There are 2 protein chains.
Amino acid sequence: MKYGNIEGIKVGQLFDSRKELAEAGVHAPTMAGIWGREYEGACSIVLSGGYEDDIDQLDYIQYTGQGGQENGKQTSDQEFKRGNKGLQLSCEYHLPVRVSRGYQLPNGPSKGYRFDGLYYVEKYERIKGKSGFYVCRFHLKSELEINNLEEQLISNLKDSYLPTPRKETKNERLIRNVKNSETVKSTYDFKCQVCGVKLDSPLGPIAIGAHIKRLGRPDEGPDVLENMLCLCPNHHDQFDKYSYFIEPETLEIKGLDDYKNKRINLRHKINPIFLEFHKKQFFNNR
Amino acid sequence: MKYGNIEGIKVGQLFDSRKELAEAGVHAPTMAGIWGREYEGACSIVLSGGYEDDIDQLDYIQYTGQGGQENGKQTSDQEFKRGNKGLQLSCEYHLPVRVSRGYQLPNGPSKGYRFDGLYYVEKYERIKGKSGFYVCRFHLKSELEINNLEEQLISNLKDSYLPTPRKETKNERLIRNVKNSETVKSTYDFKCQVCGVKLDSPLGPIAIGAHIKRLGRPDEGPDVLENMLCLCPNHHDQFDKYSYFIEPETLEIKGLDDYKNKRINLRHKINPIFLEFHKKQFFNNR
């Protein structure tokens, strides 16, 4: 699964069929509307009508997740599973989602499918739809300029090619190994390794798969489980801002009055060199 | 102060002097390296050498804040004040920072100043510099593709014009009213209105100026103090994911076992219609 723009594919490019869209690498499944995985995220959706709760304003989309339909009607509740879980992760990790529109939509091309660029899931919810059944609802916003998109897609250029978007590596930089984060969170059942708290919510438990030595420059930490912790947002922010450190040998929490002489909970292997690095930064910053 | 790209100014564009840079709206101060405000953020920096701790790798910059110098030498500690505070806020709120390089730098133009596009502050610290005094250190990364920037800026095009960057409204979307967030946090001395906790760190206390009715689509909440709360990251995430709501009339916290029959701390005026909106979403999501 590739996230972000596909080399050589322009925003506004047309495809005759779902098969062509798949062959181009834009959207591999030829039936499913969501191309996503439960432990990775979703990289692409195709809008082709069929969900009564969908709203399409071009730069903003209210998108209904998959499942619970029979003969085109919503007959049971949707869950955050499969593609829906993927889109949920795309929101959590700010992954870009390719959007293609089909001829079935008022805002779609007159025939076939059109690739309309990258969108971000800004919010999601699980809410009663018009049918009375629960649906997973995703709110997506285009990364392109609103006026630009409207001018280019609505008015005169509807079915033609649009200019190549500038290459965006910001997207790629943001794509971290979601699987590692999700794995470390599951290992601790979403409980913070420092305080043990588990933050529940109707949209799933809240925790952060945090890197001990930060990714990217200047720290250049690796994206591996041995460099990760499961933390609540509070202890994550405090860790990143050097409020405390974890003693590499004893795993004691140092710097927080409420956790004197306490150790972190540990169920997976951490490489102490990453804790050493963080400890050094802790002392550098005071 | 304008954030992001300036209409009509291209990446790679040259300016004869700091005065020209100021007149173009890229960087208003003609002396200071940072164009920023304590309660708003910083929108632009100029690199012109002069700080021994600076590192310039074009797409990555280690930038030393302002202050503590006499006759070009660091003679006292820097603090997170004025421009340094501005850059700190630009990190917290992910505001884009314009970067211009002067002729004094190895990576700069052969004369005058060159606008090198938008960067983001990825991390900051307060750390002992080479001089032995504390400096505020900011790590900035270019939003442009690394290869692109290197090819275009280093090799053959060093002093000429580069292509126009695609217009970026994502930046503008991200620019919220920092002042309101900072005001609501100060009002509560960075203590969470739900749990009363104040999260300290050597880089300043940690809290979130949270919007009750979210900004942007679909909710379209306004960026005003009456729509804001000061929350710790844990209670912010739980608020946004409908783990609890605040009863508009009584201000009681509903949905969290640990806070039964408790009210939020309130020292500023909140408009109850925003709490009503959030309460409705709370029930919609279960």
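1. Overview of the overall build of chain A
So, step 1. Helix and strand content of chain A: seven helices and 14 strands.
So, step 2. By the burial criterion, 41% of the 286 residues in chain A qualify as buried.
So, step 3. If you take every contact in chain A between residues at least 6 apart in sequence, the share linking residues at least 24 apart comes to 60%.

2. Some points on the pairing of strand 9 (residues 113-128) of chain A
All names here are of chain A.
So, step 1. Note that strand 1 (residues 14-15) and strand 9 share two bridges and pair antiparallel. Counted as the bridge partner of Leu-14 is Arg-114 from strand 9.
So, step 2. Sheet topology places strand 8 (residues 97-102) next to strand 9; five bridges connect them, and they run antiparallel. Residue pairing in the sheet places Arg-101 in a bridge with Arg-114 of strand 9.
So, step 3. Across nine bridges, strand 9 lies against strand 10 (residues 134-142) in antiparallel orientation. Across the sheet, residue Val-121 finds its bridge partner in strand 10, namely Leu-140.

3. Considerations on unusual backbone geometry
So, step 1. Phi angles above zero are rare outside glycine, and A:Asp189 is one such case at about 50 degrees.
So, step 2. Tracing the chain through its elements places A:Asp189 in the loop between helix 5 (178-187) and strand 11 (208-211).
So, step 3. On the basis of neighbour counts, which here come to 11 C-beta atoms within 10 Å, the residue A:Asp189 falls in the exposed class.
So, step 4. Residues other than glycine seldom take positive phi values, yet B:Arg82 does so here, at roughly 45 degrees.
So, step 5. The topology assignment puts B:Arg82 in helix 2 (residues 82-92).
So, step 6. According to the C-beta neighbour criterion, B:Arg82 is partly exposed, with 17 such atoms within 10 Å.

4. Quick notes on the environment of A:Gly102
All names here are of chain A.
So, step 1. Within the secondary structure layout, Gly-102 lies in strand 8.
So, step 2. Once the C-alpha coordinates of Gly-102 and Tyr-60 are considered, the two residues, 42 residues apart in sequence, prove to be 16 Å apart.
So, step 3. Leave out the neighbours within four places in its chain, and Gly-102 touches Val-46, Leu-47, Ser-48, Gly-108 and Tyr-113.

5. Observations concerning the confidence of the model for chain A
All names here are of chain A.
So, step 1. Of the residues in chain A, 89% reach a pLDDT of 70 or more, and the chain-wide mean stands at 87.
So, step 2. Segment residues 154-174 is flagged for pLDDT under 50; beyond a separation of four residues in sequence, or across chains, it makes 37 contacts in the model.
So, step 3. This prediction of the complex comes with two scores: 0.77 for pTM and 0.77 for ipTM.

6. A few points about the pairing of strand 8 of chain A
Along any regular strand, the residues point their side chains to alternate faces of the sheet.
All names here are of chain A.
So, step 1. Of all six residues making up strand 8, six are buried, and the element is well covered by its neighbours.
So, step 2. Burial along strand 8 is two-sided: Val-97, Val-99 and Arg-101 facing one way and Arg-98, Ser-100 and Gly-102 facing the other are all buried.
So, step 3. By the bridge criterion, four bridges tie strand 3 (residues 41-47) to strand 8 in an arrangement that is parallel. Within strand 8, the position partnered with Ile-45 by the bridge is Val-99.

7. Comments concerning the domain arrangement of chain A
All names here are of chain A.
So, step 1. Domain annotation for chain A reports domain 1 (14-156 + 170-174) and domain 2 (178-284).
So, step 2. Computed from C-alpha atoms alone, the centre-to-centre distance between domain 1 and domain 2 is 34 Å.
So, step 3. At the junction of the two partners, domain 1 supplies eight residues and domain 2 supplies seven residues.
So, step 4. Here the residues of the side of domain 1 that touches domain 2 sort into four nonpolar, one polar and three charged.

8. Some points on the environment of B:Gly68
Residues and elements named next belong to chain B.
So, step 1. The topology assignment puts Gly-68 in the loop between strand 5 (60-64) and strand 6 (69-70).
So, step 2. Sequence separation between Gly-68 and Phe-133 is 65 residues; the distance between their C-alpha atoms is 8.5 Å.
So, step 3. The contact partners of Gly-68, leaving out residues within four places of it in the chain, are Gln-74, Thr-75, Ser-76, Asp-77, Gln-78 and Phe-133.

9. Some words on helix 5 of chain A
All names here are of chain A.
So, step 1. The complete set of buried residues in helix 5 reads Ser-181, Glu-182, Val-184 and Lys-185. In a view along the axis of helix 5, the buried residues occupy a sector of 165 degrees, so they form one face of it.
So, step 2. Tucked into the core, helix 5 has its buried residues touching strand 11 and strand 12 (228-231).
So, step 3. Just beyond helix 5, the residue with positive phi is Asp-189, at close to 50 degrees.

10. Some points on helix 2 of chain B
All names here are of chain B.
So, step 1. The buried fraction of helix 2 is high, at nine of 11 residues.
So, step 2. Listed in full, the buried residues belonging to helix 2 are Gly-83, Asn-84, Lys-85, Gly-86, Leu-87, Gln-88, Leu-89, Ser-90 and Cys-91.
So, step 3. Against strand 2 (34-37), strand 3 (41-47), strand 8 (97-102), strand 9 (113-128), strand 10 (134-142) and helix 5 (178-187) lie the buried residues of helix 2.

11. Structural notes on the nonpolar core
Residue and element names in this part refer to chain A.
So, step 1. Membership of the largest hydrophobic core comes to 30 residues, with the highest contact counts inside it found for Ile-45, Val-97 and Leu-140.
So, step 2. For this core, the leading source of residues is strand 9, giving six residues.
So, step 3. With sequence-adjacent residues up to four places away left out, Ile-45 is seen in contact with Gly-33, Ile-34, Tyr-63, Val-97 and Val-99.

12. Notes on the environment of B:Ala32
All names here are of chain B.
So, step 1. Within the element layout of this structure, Ala-32 appears in the loop between helix 1 (18-23) and strand 2.
So, step 2. With 250 residues separating them in the primary sequence, Ala-32 and Phe-282 have C-alpha atoms 48 Å apart.
So, step 3. Apart from residues lying up to four places away in sequence, Ala-32 is in contact with Gln-66 and Gly-83.

What counts as what
Residues numbered from 1 in each chain as written. Chains lettered and ligands numbered in written order. Predicted model: local features only at pLDDT ≥ 70, side-chain atom pairs only at ≥ 80, totals over all residues. Helix = DSSP H or I, 4+ residues; strand = E, 2+ residues; numbered from the N terminus. Buried ≥ 20, exposed ≤ 12 C-beta atoms within 10 Å, placed from the backbone. Contact = placed C-beta atoms within 7 Å. Pairing = 2+ DSSP bridges. pLDDT = per-residue confidence, 0-100. Domains from an automatic or database assignment. Nonpolar A, V, L, I, M, F, W, Y, C, P; charged D, E, K, R; others polar. Arc of directions from axis to C-beta. Core = buried A, V, L, I, M, F, W, Y, C linked by C-beta atoms within 7 Å.

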